[in-house]
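Listed below are the residues making up each chain.
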Amino acid sequence: SNMYFSHVDITEWCLLHLTCISPMPHAACDIVAFLMSRHGIEVTEEEVLDKIIGTFGQRTVDSRSDIDLIQLLALLLIPLLSKAKQSLDQAQQASNTIRRQSGTCLHRQKGDSRWPDADIIESVLRMMLHDATGDATLRPLTKELIRQILRFYGEGEASNNEQLLDEMVLAVTPDSITDIEGEPILLDQHSFAHGLTHDVQHYNIDFENSMTTNFHDVFSDEQKGDVKEGNSVKTVRTLSCIDYTADTFRSKSYVVILWVAWILTYFSYLQSQNVLTMAKLQCDEFEFGCTLAQGILNWLVIMFQLSVLGSIFIIAASAGNVKNANPFLMVVGICATLIFIVLPFFLELSVGVVSTKKSREGINPVLYHLSVICGFVLLIDPVMSIFQRLLPEKSSLLMFVQKHMDNTRLEAAVKRAASFKMNRLVRNACDVHKAAELDGGIGQGLETRYGIAMLAFAKASDQKEQLMNFRQTWKRIWNRELFEDEGIWLTTHVLAGNLAQVTVCVLLATLFAIVYSSELFQQGLDHLDKLVPGYSQRWRLLVPLFFGISCGQLTIISIISKYIPSSINTILQFRSGGFETLKGNSFLKLRYAVDNSSLLFGSIFWGTFYTSVIVGFFFMILLGILMWPDFAQIVGVLFANIIGIGLTVMLKWIVLRGYRRVTQQGYYRKNVVLSNVVNIILESWNLALGIGYMLIRGLYFILAATMFIGRVDVPFLSQDACFVGPIELDSFPLIFRKDLLSHDAHRHPYIERLGVMYMLKLRHNDFGSRAGTHWRLLFIYALLPWMRKYRRNDESLVISEFKFAANRMWTGRMPIESEQSFESSKQEAGVPSELEMLRAENNNLRMLLFGHGKRSHLTSSCPPAPSVSGVPINLQKSVNTA
C-alpha cells in the first residue's frame, strides 16, 4: 500500500544518509560529509553540533550527540506545516474560502497534490488532546498541559525541563494574540500552527516552485555578493563540471553526448591502423618475447590514450558545463571540442599516438561522420549558454535551454517530489486513523487513538504496492510523474550507456550494409548461384544472414528499452524495502568501493556489443545449418526426434493431468497403491526423457547467459551460484546498484530537503528552536505513532496513562528500575496482574484483527466525529472488505 511504501521510504533514505559506522541516529560526521559531497560546503563537526544538532537533535556531554529519525522527519515536515499554516491564516482572513466539515479529513488541494489538507493541524491537535487528556475539547494552554502531553508520548526528560516548557508556551503565542486579563491562551489550531512554524519563517514555500537549485534558494544573495542578512558559509571548489556522483554540473545531456563523442573519436583517430603501425616493435612477431613485449606496449599506449588524452579532453570540454560559468571556461570547452573532435575530421596528420589520416575502408567513414556530428552537437550547448546571457529572462530560446539542457529543471522536480511524498505520507497516515476508527477501537477498552492507530498500521503494513510494468514505467517517464512525484534521478552512467547502446545498434547495422555491398561478399553469392545450374542458391546464405542481424538488432533494442525502467524499479525497490534493505548483510558491500561505478559505461557499451554479435551469429548459424542441403538428412532426423519427444511429452501431460485429479490432493495421496506404481513407471520413463530435458535446459542457459551479457543492471546468477569460494563471478549488478544508491544518497527528495534545512540553519542562527522542534515531535507522535520506535530516548512511555497495554510492544521495554517501580505501584493499587492484562490484550487484538465479537464503527478520519455521514462509501467498503 502507499502508506507502507512511504513509511519504509523514510527509514531507507535515512540509512543512505549514514556515513560513519554508527547506530541509526545521525552523528555530526554524517552531516559534515553530506554538505561537502553534495554542496561543497566546508563545516566542522563542532559547528554542526552547535548549530544543527544542538537545535534539531540532542547534544549531550557524552558521545551521544545526534539526530534520530523522528527529529529528521520533523525537519522534513517543516514545508508542509508552513503550507498548512498559510491555509489557516487565509481561512481566518476569509472564512468562506475554506470551510471545515466536522468529522472528515478532506484532501483539499491548492493547485496540486503537494498542498496539505486544510484541517490537518486541527485534526492532529484533537488527536493529541484526546490521547493525553482523554478529551478532544480545546482547552487553555498551560505548562501543565504541555507537561502532560510530553509525558504521555514518552518525552519525560523534556517534560521536566522548566525552561523548555516556558519556551513552548511562548512559541504558540502569535504576535496578534494578547493575554487578556491574565487569562491563558486557548490551544487551538491557530496557536498550535504558530508553535509548529514560528521558528522556521526563513523557509519560503515558494522554493519548490522556482526553477532554481537548493543552494541558490538559500544563498542567492550571497552568490551575487550582496549578503543582506545571515551568515556566509565556506565553499570549496569541487570541479562540479565532472561530478558524476552528485551530478552537480549544468547539463546532463551535454555529458551524455560528450562520452559517446569520445568513444567515436577514440575508435576513429586513436585506434586507427596508422596508430597501430607506429606502436609496432621491430622484431620477430612469432617469438614469445616479442609477442609479450608488443602486448605490453599496446596496452601502455591504450592506457596513455584513454587515461591521459581522454582525461584532458573530458575535463577541458566540460569546463564550461557549470551553473553561471565564466565565459572563459565556456571558450575552453568550445576549443577542446574543436581540437579533439571537429578539426581532426578536416585535417590529416600523424603525431605520436594520434593519427587523423582517413581510411575509406570498412566502417571507418561512418565513425568519422558520427564523431564530427557529435562534435557539432556539443558546440550547441556552450554557444547557447553564451547567448543565454544576452537574452531577456522570458525568451522562448532561454526557456528551451532550461527545459532540455539544464539540470536545474531536474532539481526543481526533485523539490516538488519531496512535497508530494511528504503530503502523501501525511494523507496515508490520515487514512490509517480513518481505517482504525472504522474497525472500532474506541469503546472497547482501547480508548487512545495512539493504540488503535498502531493496530491499524500493523494490519496494513503487510500490504504491498505492485511495481510498474514496462509500459507503465515508460508512460510515467513520458508524463514526468516519476520525476515530479517520486523524485527519480537517472544517473549519468545509465543515460550515457543507453546512448552508447544506440551507437552500437547503428554501427552494427552499418557494418552489415558494408559487408553486404562488398565485392568479396557479392562474389560469394555468385559462386552459390553456380552450385546448382538453373537455380539460385544465394537465399541459403542471405536468409540466415538477414535473420541473424535482425535478431542481433532486436536484442540491442530490447536491452536499450529496459535499462531505464530497470534502474527506476531498482530504486523504488530499495526505497520500499522490496530488495534486501540497507540494514541487511549487503549494506557494507553496497557502501564499499563506490568508485567502481566508473566501470559501468564501458561495460554497458561492450556488453551490448557482445550480446548482439553472439545472438546474431547463433541464430544465423542455426538457421544456416537447417537450410543447407548437406545437413538435410541430419536435420530431418533431428526434427523427427523432436516431434517424437514432443508427442510423447504431450501424451504424458494428458495422462498425468487426469491421474493427479483422481489420486492426489495436495501433498497427500488418495490411492497409495496406484500412486506408487505410477511413480515407478515415471521414474523409468524419465530416464529417456531426461536426455531432451537436459539438452533443452542447457540451450536455455546458454541463450539466457548470452542475453544477459549486456544486462549489468540485473543479476543473472543467484546468490548461491554467484560465488566460487571467495571469488564473485558477476559483480556488475552490485556495482550498478552502488551507482544508483550513491546518486540517491545525494539526490533523494528527502535528503535534498534535509540539505536545505541544514543550509538554512547555517545561514540563519534563528532558524529552528528547541521549542519548535518539540512541538513538531508531538505532531509526529500523534499522527504517526508507529514511528515512535525510531526515537532514541531513554525515557519510556507512561504506561499507566494508556488505556491500551499493547503500546508497550511498539515503544520498547522500560528500564529495569522503571519496570520494578511500575510493578510495585500496580500491586499497591490493585491493578490486574500481567497475565490478566495480556489475556485482555489478546482478546482485544483478536476482536480487531479477526472480527470476533461486537464491533462499533466510528467514522471520523483524523479528528473525532460522532456520525458516519462524512465517510466516503468506497472507503467503508474497502475497509470492511479488508
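Residues numbered from 1 in each chain as written. Predicted model: local features only at pLDDT ≥ 70, side-chain atom pairs only at ≥ 80, totals over all residues. Heavy atoms only, no water.

Colleague: Just checking my understanding: could you explain the pattern of salt bridges for this structure?
Modeller: Close approach of charged atoms allows side chains with opposite charge to pair. Under the defined criterion, the tally for this structure stands at 30 salt bridges. Between D117 and R427 there is a salt bridge, with its nearest N and O atoms 3.1 Å apart. Note that D117 is positioned in the loop between α5 (78-93) and α6 (120-133) and R427 in helix α18 (residues 407-438), a separation of 310 residues in sequence. Under the relative-accessibility criterion, D117 is labelled buried at 2%. In this structure, R575 and D744 form a salt bridge, with 2.9 Å as the shortest nitrogen-oxygen distance. (Salt bridge = Lys/Arg side-chain N within 4 Å of Asp/Glu carboxyl O. Helix = DSSP H or I, 4+ residues; strand = E, 2+ residues; numbered from the N terminus. Buried < 20%, exposed > 50% of the residue type's maximum accessible area, 1.4 Å probe, protein only.)

Colleague: Sorry if this is basic, but what is going on with the packing of α6 against helix α31 (residues 770-783) here?
Modeller: Between two packed helices, the angle of one axis relative to the other and the distance separating the axes together describe the packing. For the pair α6 and α31, interaxial distance at closest approach is 9 Å and the crossing angle is 80 degrees. Accordingly, the angle class assigned to the pair α6 and α31 is roughly perpendicular. Across the interface between the two elements, I120, V124, M127 and M128 of α6 pack against W775, L778, F779, A782 and L783 of α31. Among the residues making up the contact of α6 with α31, the classes are represented as nine nonpolar, no polar and no charged. (Axes fitted to C-alpha atoms, helices over the stretch in contact; angles between N-to-C directions. Parallel < 35°, antiparallel > 145°, perpendicular 65-115°, else oblique. Contact = heavy atoms within 4.5 Å. Nonpolar A, V, L, I, M, F, W, Y, C, P; charged D, E, K, R; others polar.)

Colleague: Honestly, the packing of aromatic side chains in this entry has me stumped. Any pointers?
Modeller: Aromatic ring pairs are reported here in terms of the distance separating the ring centres and the angle at which the planes meet. Taken as a whole and assessed by the stated rule, the structure comprises 31 aromatic pairs. Relative to Y781, the ring of Y153 lies with its centre 5.6 Å away and its plane at 25 degrees, an arrangement referred to as stacked. You can see Y153 sitting in the loop between α7 (143-152) and α8 (156-159) and its partner Y781 sitting in helix α31, a full 628 residues away along the chain. Just as Y153 is buried, Y781 falls in that class too. Three or more aromatic residues joined by ring pairs form one cluster here, namely W262, Y266, F267, F313, F340, F605, W606, F609 and Y610. In this arrangement the basic side chain of K358 is found over the ring face of Y368, its NZ or CZ atom lying 6.0 Å from the centre. Stacked on the ring of W489, the Lys or Arg R747 has its end atom at 4.0 Å from the ring centre. (Phe/Tyr/Trp six-rings, centres within 6.5 Å; stacked < 30°, edge-to-face > 60°. Lys NZ or Arg CZ within 6 Å of the ring centre and 35° of its normal.)

Colleague: Hey, could you run me through the environment of D119 in this one?
Modeller: Mapped onto the elements, D119 comes out in the loop between α5 and α6. Among the residues examined, D119 registers a relative accessible area of 4% and is labelled buried. In the structure, D119 is positioned 32 residues away from S87 in sequence and 8.9 Å away in space, judged by C-alpha atoms.

These values are about where atoms sit, not about what they do.
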